[in-house]
Amino acid sequence: MKIVETAAELSQLRGKMPGPVGFVPTMGYLHEGHLVLVRQARAENASVAVSIFVNPTQFGPKEDFRQYPRDPRRDLALLEGEGVDLVFMPPVEEIYPPGFNAWVEVGGLGERLEGASRPGHFRGVATVVARLFELVRPDRAYFGQKDAQQLLVIRKMVADLDMSLEVVAVPTVREPDGLAMSSRNTYLNPEERKQAAVLYQALTLAQKLYGEGERNAAAIRRRMTALILKQPLADIDYISIADAETLDELDEVKPPALVSMAVRIGKTRLIDNVVVG
Ligand code: AMP
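Residues numbered from 1 in each chain as written. Predicted model: local features only at pLDDT ≥ 70, side-chain atom pairs only at ≥ 80, totals over all residues. Heavy atoms only, no water.

## A short note on the overall build of the chain
Operational definition: Helix and strand assignments come from DSSP, with helices taken as H or I runs of at least 4 residues and strands as E runs of at least 2, each series counted from the N terminus. Radius of gyration: over C-alpha atoms. The globule rule applied is 2.2 Å multiplied by the number of residues raised to the 0.38 power. Throughout this description, buried means an accessible area under 20% of the type-specific maximum (1.4 Å probe, protein chains only), exposed means over 50%, and partly exposed covers the range between. Contacts are residue-level and defined by heavy atoms, with any inter-residue pair within 4.5 Å sufficient. Computed with a 1.4 Å probe, the accessible areas rest on the Shrake-Rupley method; for each residue, only the protein chains presented here act as cover. Under the convention used here, Asp and Glu are negative, Lys and Arg are positive, and both His and the chain ends fall outside the count. The atom standing in for a charge is NZ when the residue is Lys, CZ when it is Arg, CG when it is Asp and CD when it is Glu.
When helices and strands are tallied, the chain shows 10 helices and nine strands. Relative to the globule expectation of 19 Å for 277 residues, the C-alpha radius of gyration of the chain, 19 Å, shows essentially globular dimensions. Looking at the 277 residues of the chain, the share that counts as buried comes to 52%. Restricting the contact set of the chain to residue pairs at least 6 apart, pairs at least 24 apart contribute 72%. Summed over its atoms, the accessible surface of the chain is roughly 12,900 Å², and 51% of this surface lies on carbon and sulfur atoms. Of note, the chain has its 33 positive side-chain charges centred 3 Å away from the centre of its 37 negative side-chain charges.

Here it is, written out as structure tokens:
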């Protein structure tokens, strides 16, 4: 496994990698959710590249960029175990050299939900992913359904800019109680961790109500809200029931619909989603 920190080293090694090349962008502090992406990339490609980069431009000024958990040694050991060929772990200046000022903005899709709660978030995401795609030049790139809106934004960027690669979506990996795996789960204390299971319980409730024939989005959201607020440490940022492709909010649930949410448990903001229908 080659580990490189600069674009120049990456470019040199990339030229020698047998194709197709599968690529998994991450912010590190890897868990099973990341490793499932890596395994799928490994199974479908001759070479696998992974990036570890905590991207400052996708964090708001009051967000957790500085505290974001990091453990590069452990990450590298895990990636070695998965048979990864190349890890790109650039310092910030390699991605954003002094004077860097070209940004990728995906309008519409990127302005809703997470984009509305975290202004500038998807501009940072799209820009760093475009940078990484240009440097790594993958044939396929793997993203988790856990970040469903991110996946849509990346797909839209790839389509609109005619980027020549395939975007592959990978289902969400969950803990036994349903909590979606996330590097940020490490912020939760034991009591918060217990209460965090309510996100998936609320999503499961939405699926159940839909299965029983409920099509009124407001009614489903009300039931989800009531369930979540039974947990004293939970504070809802949003619950959305939207068209799974356009993210237009639905009054009447029509499949496929994306049920997604952001909920704070204590100080930790968690997101999760399911597709119904
Ligand atoms: P991150 O390191 O949080 O930026 O995530 C890197 C990639 O892993 C993104 O495509 C995420 O959607 C994906 N990912 C994170 N958590 C999970 C999970 N629990 N299940 C599936 N994919 C995930």
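## Comments concerning the packing of aromatic side chains
What counts, and what does not: Centres within 6.5 Å are what make two rings of Phe, Tyr or Trp a pair, Trp counting through its six-membered ring; a difference in plane orientation under 30 degrees is then read as stacked, over 60 as edge-to-face, and the rest as tilted.
Tallied over the full model, the rule gives eight aromatic pairs. Here F23 and F133 contribute two aromatic rings whose centre-to-centre distance is 6.4 Å and whose plane-to-plane angle is 75°, an arrangement assigned as edge-to-face. Of this pair, F23 sits in strand 2 (residues 21-26) while F133 sits in helix 6 (residues 121-136), placing them 110 residues apart in sequence. Like F23, the residue F133 is buried in the burial classification.

## Description of the packing of helix 6 against helix 7 (residues 148-160)
Rules: Axis lines are fitted to C-alpha atoms, over the contacting stretch for helices. Their N-to-C directions set the angle, which ranges from 0 to 180 degrees. Angle categories are assigned with fixed cut-offs, so that under 35 degrees is roughly parallel, over 145 is roughly antiparallel, 65 to 115 is roughly perpendicular, and the rest are oblique. Take the far helix as your reference; a near helix turned counterclockwise from it by less than a right angle gives a left-handed crossing, and one turned clockwise gives a right-handed crossing. Under this grouping Gly is polar, as are all residues other than the nonpolar Ala, Val, Leu, Ile, Met, Phe, Trp, Tyr, Cys and Pro and the charged Asp, Glu, Lys and Arg.
Taken N-terminus to C-terminus, the directions of helix 6 and helix 7 make an angle of 55°; their axes are 10 Å apart at the nearest point. With respect to their mutual orientation, helix 6 and helix 7 come out oblique. Seen along the crossing, helix 6 lies across helix 7 with a hand that is right-handed. Only Q149, Q150, V153, I154, M157 and V158 of helix 7 make contact with helix 6, whose side of the interface consists of F122, V125, A126, V129, A130 and F133. Taken together, the residues of the contact of helix 6 with helix 7 sort by class into 10 nonpolar, two polar and no charged.

## Observations regarding the pairing of strand 9 (residues 268-276)
Note the following rule: One requirement defines pairing of two strands: DSSP has to find at least two bridges between them.
Of all the nine residues making up strand 9, eight are buried; the element is thus mostly covered by neighbouring parts of the structure. Examined bridge by bridge, strand 8 (residues 257-265) and strand 9 share nine bridges and lie antiparallel to one another. Residue pairing in the sheet places A262 in a bridge with I271 of strand 9. Where strand 8 folds back on strand 9, the antiparallel hairpin that results is connected by two residues, among which G266 adopts a positive phi of roughly 65°.

## Re the environment of V276
Within the secondary structure, V276 sits in strand 9. Through-space distance from the C-alpha of V276 to that of A206 is 8.2 Å; in sequence the pair is 70 residues apart. Every residue in contact with V276, bar those within four places of it in the chain, is listed here: Q207, Y210, V253, P255, P256, A257 and V259.

## Looking at helix 2 (residues 32-44)
For clarity, the cut-off: The length a helix should cover is 1.5 Å for every residue beyond the first.
If you check helix 2, its first and last C-alpha atoms are 18 Å apart, about what 13 residues at 1.5 Å a residue would give, namely 18 Å. Among the residues of helix 2, those classed as buried are G33, H34, L35, L37, V38 and A41. Tucked inside the fold, the buried residues of helix 2 contact strand 2, strand 3 (47-52), helix 3 (72-81), strand 5 (140-144) and strand 6 (166-170).

## Focus: the environment of I3
Position of I3 among the secondary structure elements: in strand 1 (residues 2-4). You can call I3 partly exposed: its relative accessible area is 42%. When residues no more than four places from it in sequence are discounted, the contact partners of I3 are L76, V87 and M89.

## A short note on the site of the ligand
Spelled out, the test is: Here a residue counts as near a molecule or strand whenever at least one of its heavy atoms sits within 4 Å of it. Distance and chemistry together define a polar contact, namely a pair of N or O atoms within 3.5 Å, with one atom able to donate a hydrogen and the other to accept it when in protein, and with adjacent residues in sequence counting only for side-chain atoms on both sides.
Among the 17 residues in the neighbourhood of the ligand, the closest are listed as M27, H34, D147, V173 and M181. In this structure, D147 approaches the ligand through a side-chain N or O atom, which is 2.6 Å from an oxygen atom. Coverage of the ligand by the protein chains reaches 93% of its 480 Å² of free accessible surface. Listed by contribution, the elements that provide at least two residues to the shell around the ligand are strand 2, helix 2 and strand 5. Residue contributions to the shell around the ligand peak at three residues, all from helix 2.

## Looking at the sheet that holds strand 5
Reading across the sheet, the six strands line up as 1-4-3-2-5-6 and stay open at both edges, with parallel pairing between neighbours. Looking at the sheet topology across the chains shown, the edges are occupied by strand 1 and strand 6. The average undirected angle you get between the axes of adjacent strands in this sheet is 25°. As judged from the two bridges shared by strand 2 and strand 5, these two strands associate in the parallel manner. Residue F23 lies in a different strand from strand 5, and its bridge partner there is A141. Packed onto the sheet, helix 2 meets strand 2, strand 3, strand 5 and strand 6 and runs at close to 155° relative to strand 5.

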